[in-house]
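# Survey of secondary and tertiary structure
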Amino acid sequence: MDPTNVQNPDYFHKVVDCQWACPAHTPVPEYIRLIAAGRHADAYMINWKSNVFPGILGRTCDRPCEPACRRGRVEEEPVAICRLKRVAADMKGDVSNLMPTPATARNGKKVALVGAGPAAMTVARDLAPLGYHVVVHDGDTRAGGMIRTQIPKFRLPEEVIDEEVGYITALGPEMRLGQRVESLKQLLAEDYDAIFVGTGAPRGRDLNIPGRTEAAASIHIGIDWLSSVSFGHITKVGRRVIVLGGGNTAMDCCRSARRLGGEDVKVIVRSGFEEMKASPWEKEDAIGEDIPILNFLVPKEFKHDNGRLYGMTFEKVKAEYDARGRRNLVPTGEPDQFFECDDVLVAVGQENAFPWIERDIGLDFDKWGLPVLDEATFQSTNPKVFFGGDAAFGPKNIIWAVAHGHQAAISIHQFCQGLDLKDRPAPGVDVVSQRMGIHEWSYDNSPSLDLRFKVPHREKTAALKDIKAEVELGFDFKQAVAEAHRCLNCDVQTVFTEPACIECDACVDICPVDCLTFTDNGTEDDLRSRLSAPATTLDQALYVSAPLKTGRILAKDEDVCLHCGLCAERCPTGAWDMQRIIINVAQAESVCCSK
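From a predicted model like this one, the values you see are computed outputs, not experimental measurements.

## A word on unusual backbone geometry
Its identity as a non-glycine residue notwithstanding, asparagine 306 has a phi of 55°, on the positive side. Topologically, asparagine 306 is positioned in the loop between β10 (297-305) and β11 (308-321). Of the residues examined, asparagine 306 reaches a relative accessible area of 79% and is grouped as exposed. Positive phi, close to 55°, is recorded for aspartate 514, a residue that is not glycine.

## A short note on helix α15 (residues 280-288)
Think of an α-helix as turning once every 3.6 residues; residues three or four places apart then point the same way. Turning to α15, its buried residues are Glu282, Lys283, Asp285 and Ala286. Take α15 and look down its axis: the buried residues cluster within an arc of 160°, on one side only. Opposite the packed face of α15, turned more than 90 degrees from it, sit the exposed residues Pro280 and Glu284. Just past α15, the residue aspartate 290 takes up positive phi, approximately 65°.

## Observations concerning the pattern of salt bridges
Tallying each qualifying case throughout the model produces 50 salt bridges. As a salt-bridge pair, arginine 83 and glutamate 472 come within 2.7 Å of each other at their nearest N and O atoms. Taken together, the residues arginine 83 in helix α8 (residues 81-90) and glutamate 472 in the loop between α18 (460-465) and α19 (477-484) connect sequence positions 389 residues apart. A relative accessible area of 5% means that arginine 83 is categorised as buried. For glutamate 472, a relative accessible area of 14% translates into the label buried. Of the charged contacts in the structure, one is a salt bridge between arginine 255 and glutamate 289, with a shortest N-O distance of 3.0 Å. Pair noted here: arginine 255 is in helix α14 (residues 248-259) and glutamate 289 is in the loop between α15 and β9 (293-294), with a separation of 34 residues, a long-range link. Several salt bridges share partner residues, and in doing so they unite Asp17, Arg70, Arg73 and Asp559 into one network.

## Describing the sheet that holds strand β21 (residues 516-519)
As summarised here, the arrangement of the 3 strands in space is β21-β23-β22, forming an open sheet in which the pairing is antiparallel. Strands at the two margins of the open sheet, each flanked by one partner only, are β21 and β22 (542-544). The sheet shows a mean angle of 20° between the axes of neighbouring strands, taken without regard to direction.

## Some points on the packing of aromatic side chains
In this structure the tally under the stated criterion is 11 aromatic pairs. Consider the rings of phenylalanine 12 and tyrosine 543, whose centres lie 6.4 Å apart with planes at 70°: the pair is edge-to-face. With phenylalanine 12 in helix α1 (residues 9-15) and tyrosine 543 in strand β22, this residue pair connects regions lying 531 residues apart in the sequence. Here phenylalanine 12 and tyrosine 543 have matching classes, each one buried. Between the aromatic rings of phenylalanine 378 and phenylalanine 393, the centroid separation amounts to 5.8 Å while the plane-to-plane angle is 55°, which identifies the pairing as tilted. Of the two residues, phenylalanine 378 is situated in the loop between β15 (350-351) and β16 (385-387) and phenylalanine 393 in helix α16 (residues 390-393); the sequence distance between them amounts to 15 residues. An aromatic cluster is defined as three or more aromatic residues linked by ring pairs; in this entry it consists of Tyr11, Phe12 and Tyr543. Just above the ring of phenylalanine 154 sits the side chain of arginine 259; from NZ or CZ to the centre is 3.9 Å.

Reading the values: the criteria
Residues numbered from 1 in each chain as written. Predicted model: local features only at pLDDT ≥ 70, side-chain atom pairs only at ≥ 80, totals over all residues. Heavy atoms only, no water. Helix = DSSP H or I, 4+ residues; strand = E, 2+ residues; numbered from the N terminus. Buried < 20%, exposed > 50% of the residue type's maximum accessible area, 1.4 Å probe, protein only. Arc of directions from axis to C-beta. Salt bridge = Lys/Arg side-chain N within 4 Å of Asp/Glu carboxyl O. Pairing = 2+ DSSP bridges. Axes fitted to C-alpha atoms, helices over the stretch in contact; angles between N-to-C directions. Phe/Tyr/Trp six-rings, centres within 6.5 Å; stacked < 30°, edge-to-face > 60°. Lys NZ or Arg CZ within 6 Å of the ring centre and 35° of its normal.

The structure is reproduced here in structure tokens:
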């Protein structure tokens, strides 16, 4: 194998698995260390730069970082990265003096943002300080989009939304709220240099089975129902409620129904429990509120008496898999199952809806009704129009919308300045040795066994009485520090200097996970099989040195390295060092400053 090119920012970036897995590439270990040091405002600002909504995401993120966390390879559960983000938000104090200030002068470019959700507000945050005249259009009278309308207040208090949206509106975008855009053609005819569409996936899928039309008064589309609850238009629900669907929207619906008077609330899903799209913790919270989840039941009919809904029938199915591993749901032959209900909430998926976008403006859509986009630049087939968030590639999570917003803002800036949209700026990288003495490091490097701390919850009876009472109470200071110390500091990398190595094998002897090997070089497949412990995780790279004095090479399996620093402590010549690699993914300001 060729020596590893550690000058490529992506090499060590991929080793920081949590940051690599985060769509916005938040420097997770860095802000967790700051939390452990009690520097909550600094931890918040690191988050704010990359993921824009730390307090919101600290409560609602889908947590793609946590399955990637290396602590989960040592113990059963990863670091509570998401809930530590909330700690930074809750304990930060006043950070207004740390926020960027509005631009002192316009740069002559005007950009329209359609929608005031997380994707569009991220674009506003990135472009407004650069002097762009940003105009945000939204049909709702308050900014936030689905963050505000579809996430229940018992999960996300309104004051958190107000605060974090407020940091963006303070940067000076023109907010045209309560003014729905009815025609993209008309918007294109105005004096905008670029347009960003971040309208989400606002249409909930329906379920057209017998009885749907007749019993329509008691059958509600989940996301629309949640919006009506959020705005106070719906304040009660029937005693018996069936929620159809297995995603996070279904979990929000069933838990909201419990708080609005539903005594017998159940979730019914056509798939198996493990195949449900809802996050495991969302399912756990629903079950904890006495909401059963019934699986492998396919809706057949809404039962009604002259339009009055009184129940539903379901066909029992089972999963069968073909030779290629594809799943099919087939009837079991058992009798249909009947469940009584007064209301049904349909949460079986969301779709994009663009009735306000004309089809004669040079903007192409695919067979699923999604805009045809360049996946790197988010530019549509109409060069002036960019998309992001759920409006771009279908429903995902808030953190994906933020990531799209950052990338779209770069593209819009380059488009408006006449630059090549494909010329994406490289991330910024800071490398600092953590050595303080021969055996001393400036970070906590003890990878001891330590179980994940549970986030305190409000007592169930009290939580179910008030739909605005936040259920999760968050870590206190002591719990936060203890959980932060579970982080293995994966951004502090083992960096090897070949000329200093005397091949004494001291590092190999002391490594607690056998990830180091001095050996003859070979092909990757061959080398992986000859390491002290075979390296079987192929998507995590090997660290391969240049040839040493004996002609051998040193290989390290990045997949199992704990970043404990014992190799660097033991090395008699200083060939090993522990270096903190801070990677900041470029944003629009990076392009602006570099030019």
